[in-house]
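# Chain and residue survey
What follows is each chain in one-letter form.
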Amino acid sequence: MALYRWGVVIGTSLVAAGFDVRQGRIPNALTFPLLAAGLILVTWLCGLAGLAESIGSCALLALPYVLLFIFVGGGAGDAKLMGAIGAWLGLKHGLFALVCVLIAGGVLAVAKAISNKQLKLVLTSVFVSFYAFIIFLMGQKKLPPARDGNDVKRSGSLELPYGVAIFAGVCAAALIVGIWGVEWI
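Residues numbered from 1 in each chain as written. Predicted model: local features only at pLDDT ≥ 70, side-chain atom pairs only at ≥ 80, totals over all residues. Heavy atoms only, no water.

## Notes on the overall build of the chain
How we decide: Numbering of helices and strands runs from the N terminus, with a helix taken as a DSSP run of H or I at least four residues long and a strand as a DSSP run of E at least two residues long. A contact between two residues is defined here by any heavy atoms of the two lying within 4.5 Å.
The helix and strand inventory of the chain stands at six helices and zero strands. Listing every helix and strand of the chain by position from the N terminus yields α-α-α-α-α-α. Contacts in the chain between residues far apart in sequence, at least 24 positions, make up 80% of those at least 6 positions apart.

Structural data, given as structure tokens:
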């Protein structure tokens, strides 16, 4: 895979992390052009087969964050950024980046929860969200509507600018792929 793709993704995720830390959001003005440019570039370089893979990777990388948006609430900037990253990296490297981002997000969330003495709250919230998702999948009852970002902030729950986790995970994935040449799939 071309080094410039990783460079674009790392640079954009760094800018997104900065926005997320300062403003608590990842702007569409950053994610949509990244997505469009990735789809155009891949189509130009790889044709329709490349476009199909890019769209699939976009959907796959965004899916966990769309589910979080639906079940937990908050913003959708993380989902849009991960989708755009998928469009640039393709399926193989995109999935590896997704795993690294998920690990980085978990590590950062636990570290922040410990530092804020909220580990029990975070673990309880994760358990309840997982339980609600399982109940929903079993078709037993409808889920309550997702809370918006303001409800989350008022409840005193742990706030984590996930753009930082995306940046850290993408950097880790690029480093592993670049140094060790890991071809995960």
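## Topic: the packing of helix α1 (residues 3-23) against helix α6 (residues 162-180)
Here is the rule: Axis lines are fitted through C-alpha atoms, for helices just across the contact stretch, and the angle between N-to-C directions can take any value from 0 to 180 degrees. The scheme is simple: roughly parallel for angles under 35 degrees, roughly antiparallel for over 145, roughly perpendicular for 65 to 115, oblique for anything else. For any pair of crossing helices, the crossing counts as left-handed if the nearer helix is rotated counterclockwise from the farther one by less than a right angle, and right-handed if it is rotated clockwise. In the scheme used here, Gly and all other residues not listed as nonpolar or charged are polar, with Ala, Val, Leu, Ile, Met, Phe, Trp, Tyr, Cys and Pro taken as nonpolar and Asp, Glu, Lys and Arg as charged.
Interhelical geometry of α1 versus α6 gives an angle of 160 degrees and a closest axis separation of 7 Å. The angle between α1 and α6 falls in the class roughly antiparallel. Here the hand of the crossing between α1 and α6 comes out left-handed. Together, W6, V9, I10, S13, L14, A17, D20 and V21 of α1 and Y162, G163, V164, I166, F167, V170, C171, A173, A174 and V177 of α6 make up the contact between the two elements. The residue inventory of the contact of α1 with α6, partitioned by class, reads 15 nonpolar, two polar and one charged.

## Quick word on the nonpolar core
For soluble globular proteins, nonpolar side chains are generally found buried alongside one another. Convention followed: We call a set of buried Ala, Val, Leu, Ile, Met, Phe, Trp, Tyr and Cys residues a nonpolar core when their side-chain atoms join them within 4.5 Å. When a residue's accessible area, from a 1.4 Å probe over protein chains only, is under 20% of the maximum for its type it is buried; when over 50% it is exposed; and in between it is partly exposed.
The biggest cluster of nonpolar side chains holds 29 residues, and the ones touching the most others in it are W6, M82, I85 and I166. At the level of elements, α1, α2 (28-72), α3 (77-115) and α6 are the ones that each hand at least two residues to this core.

## Thoughts on α6
So the rule is basically this: Any helix carries an expected span of 1.5 Å times its number of residues minus one. Throughout, the arc means the angular range of directions from the helix axis out to the C-beta atoms.
Helix length check: α6, at 19 residues, gives a terminal C-alpha distance of 26 Å against a target of 27 Å (1.5 Å per residue), a fit within 8%. Burial in α6 covers these residues: Y162, G163, A165, I166, G169, V170, A173, A174 and V177. All buried residues of α6 fall inside an arc of 160 degrees around its axis, so they share one side. Exposed residues pointing more than 90 degrees away from the buried face of α6 are listed as G178, I179 and W180. The inward-facing, buried residues of α6 abut α1, α2 and α3.

## Some details on the packing of aromatic side chains
Rules: Note on ring pairs: Phe, Tyr and Trp rings are taken, using the six-membered ring of Trp, and paired if centres are within 6.5 Å. Classes follow the plane angle, with under 30 degrees stacked, over 60 edge-to-face and the rest tilted. Charges are assigned to positions over rings by a cutoff of 6 Å between ring centre and Lys NZ or Arg CZ, combined with an angular limit of 35 degrees from the ring normal.
Taken as a whole and assessed by the stated rule, the structure comprises one aromatic pair. Relative to Y162, the ring of Y65 lies with its centre 5.5 Å away and its plane at 50 degrees, an arrangement referred to as tilted. With Y65 in helix α2 and Y162 in helix α6, this residue pair connects regions lying 97 residues apart in the sequence. Against the face of F19 rests R22, its NZ or CZ located 5.8 Å from the ring centre.

## Topic: the side chain of T12
Of note, T12 is situated in helix α1. The class of T12 is buried, set by a relative accessible area of 13%. Those residues in contact with T12 that lie beyond four places of it in its chain are L30, L34 and L81.

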